[in-house]
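# Architecture at a glance
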Amino acid sequence: MYEVLKMGRLYKLSVKIQLDLFDKMIKPILLYGCEVWGFGKNEVLERVHLKFCKILLNLKSSTPNYMVYGELGRYPIDIDIKVRTISYWARLLSGKQAKFSNVFYRLSRNLNENGDTNLNWVYFIRTILNECGFTYIWETENVNNKEWLKCVVKQRLIDQFVQNWQTSLSDSSKALNYRIFKTKFEFEEYFNILNIGDAIRLCRFRTTNHYLPIETGRWRNIDRENRYCNLCNCQKLGDEYHYVLECSSLNDKRKQLLPKYFMKRHNVVKFFELLSTKKTIAVTKIMYIYQTYQ
Ligand SMILES: [Zn+2]
């Protein structure tokens, strides 16, 4: 993993390519044979995945995971494990009945239906299908189209994950600004538009990896409402919104770098437009503000 990251840095590969390298070189190692053992606790695998993403984007390890998933439009590895297990199960059903794996599955299933809860693998498949609303497939074992089953299970798991992601976003106190400009779960376009250095700088700003009082106050245990701006004497919250659009000490910088539109009457809509814009020019300008402050 570190070798892939090292090469990515050396050749200045884009974020998308580096994620692709993770999926093609590291994930197959992590998930080797997971169809059989994937029912266990897999947090350790997800930790590797998130660590890769955080190192790639130069983020603090304390950056909330929902921000990492959200910026990169990534799904947890757990989804791959579940889809592969269901796919393996479907293949098993249509395979030869005399095969050892098939005989073993029949025995395990019978035991499970008679109340033996120790058979985790069978229980795992049953749970996935139940949670995806396919209890009838588990009961009838009627899988005519394996590809279809694989696709719909994957889609439902993704839908459930995105739903949970939205809940974390709306519940987290750290995401008060983030949820203004992050409205959709998807890979952020700015990673494609900007060069990797600038993209990472913008990503760090968006994901609270900066040194604005709203963040440094947290480290010093200052109450949220007392984390004032340390540039002007306005006694206003020193958060991303204030520095980007409001702080009077940055007026000159703003005049110099931002279109006039953003100078007049700042509001949440303009904040959203600046930080979520897909236009290179505006994104680059917002980064200058960050660079001048950090
Ligand atoms: Zn200020």
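Since this is a predicted model, take the numbers as computed values, not measurements.

## As for the nonpolar core
Side chains that are nonpolar tend, in soluble globular proteins, to be buried together. Ranked by size, the top nonpolar core spans 78 residues in total, and within it Leu72, Trp89, Leu149 and Phe191 carry the most contacts. Shared between two domains, this core holds at least three residues of each, these being domain 1 (1–171) and domain 2 (190–293). What Leu72 contacts, discounting residues up to four positions off in sequence, is Val15, Leu19, Cys53, Leu57, Phe187 and Phe191.

## Describing the pattern of salt bridges
Here the idea is simple: oppositely charged side chains can pair when their charged atoms come close. This structure, assessed with the given rule, holds 19 salt bridges. Across the pair Lys6 and Glu3 runs a salt bridge whose closest N-O atoms are separated by 4.0 Å. Here Lys6 and its partner Glu3 are both found in helix 1 (residues 2–10), three residues apart, which amounts to about one turn of the helix. Of the residues examined, Lys6 reaches a relative accessible area of 53% and is grouped as exposed. For Glu3, a relative accessible area of 46% puts it in the partly exposed group. Taking the shortest distance from any N to any O, the salt bridge between Glu141 and Arg109 comes out at 2.9 Å. Highlighted residues: Glu141 in the loop between helix 9 (135–140) and helix 10 (146–171) and Arg109 in helix 7 (residues 100–113), separated in sequence by 32 residues.

## Focus on a positive patch on the surface
Taken together, the side chains of Arg91, Lys96, Lys99, Lys146, Lys150 and Lys154 make up a positively charged region of the molecular surface. Within the secondary structure layout, Lys150 lies in helix 10.

## Some words on the coordination of the zinc ion
Protein ligation of the zinc ion involves Cys229 (SG), Cys232 (SG), His242 (NE2) and Cys247 (SG), the donor distances falling in the range 2.1 to 2.3 Å. Sequence spacing among the residues donating to the zinc ion works out to C-x2-C-x9-H-x4-C. Taken together, the residues span a long stretch of sequence, with Cys229 in the loop between helix 14 (213–219) and helix 15 (240–246) and His242 in helix 15 at a distance of 13 residues. Of the two residues, Cys229 and His242, neither departs from the other in class, the shared state being buried.

Analysis parameters
Throughout, a residue's number is its position along its own chain's written sequence, starting from 1. Given that this is a predicted model, residues contribute local features only at a pLDDT of at least 70 and side-chain atom pairs are listed and counted only at 80 or more, while totals for whole chains, interfaces and linings are drawn from all residues. Only hydrogens and water are set aside when side-chain values are computed; all heavy atoms of the structure are taken into account. In this text, buried Ala, Val, Leu, Ile, Met, Phe, Trp, Tyr and Cys residues form a nonpolar core when linked through side-chain atoms within 4.5 Å. Burial classes follow relative accessibility: with a 1.4 Å probe on protein chains only, a residue under 20% of its type's maximum area counts as buried, one over 50% as exposed, and anything between as partly exposed. The split into domains, and so the bounds of each, comes from an automatic or database assignment of domains. Two residues form a contact once any of their heavy atoms are found within 4.5 Å. One side-chain nitrogen of Lys or Arg within 4 Å of one carboxyl oxygen of Asp or Glu is enough to make a salt bridge. Secondary structure counts use DSSP, requiring at least four H or I residues in a row for a helix and at least two E residues in a row for a strand, with both numbered from the N terminus. In this scheme, patches are assembled from residues that exceed 30% relative accessible area and form no salt bridge. Like charges are connected within 9 Å, while nonpolar side chains (Val, Leu, Ile, Met, Phe, Trp, Tyr) are connected within 5 Å. The Shrake-Rupley method, run with a 1.4 Å probe sphere, supplies the accessible areas, and residue values consider only the shown protein chains as cover. The charge count includes Lys and Arg as positive and Asp and Glu as negative, but it does not include His or the ends of the chains. The location of each charge is read from NZ of Lys, CZ of Arg, CG of Asp or CD of Glu. As a rule, N, O and S atoms within 2.8 Å of a metal are its donors, except that Na, K and Ca use 3.2 Å; water is not among the atoms, so sites may look incomplete.

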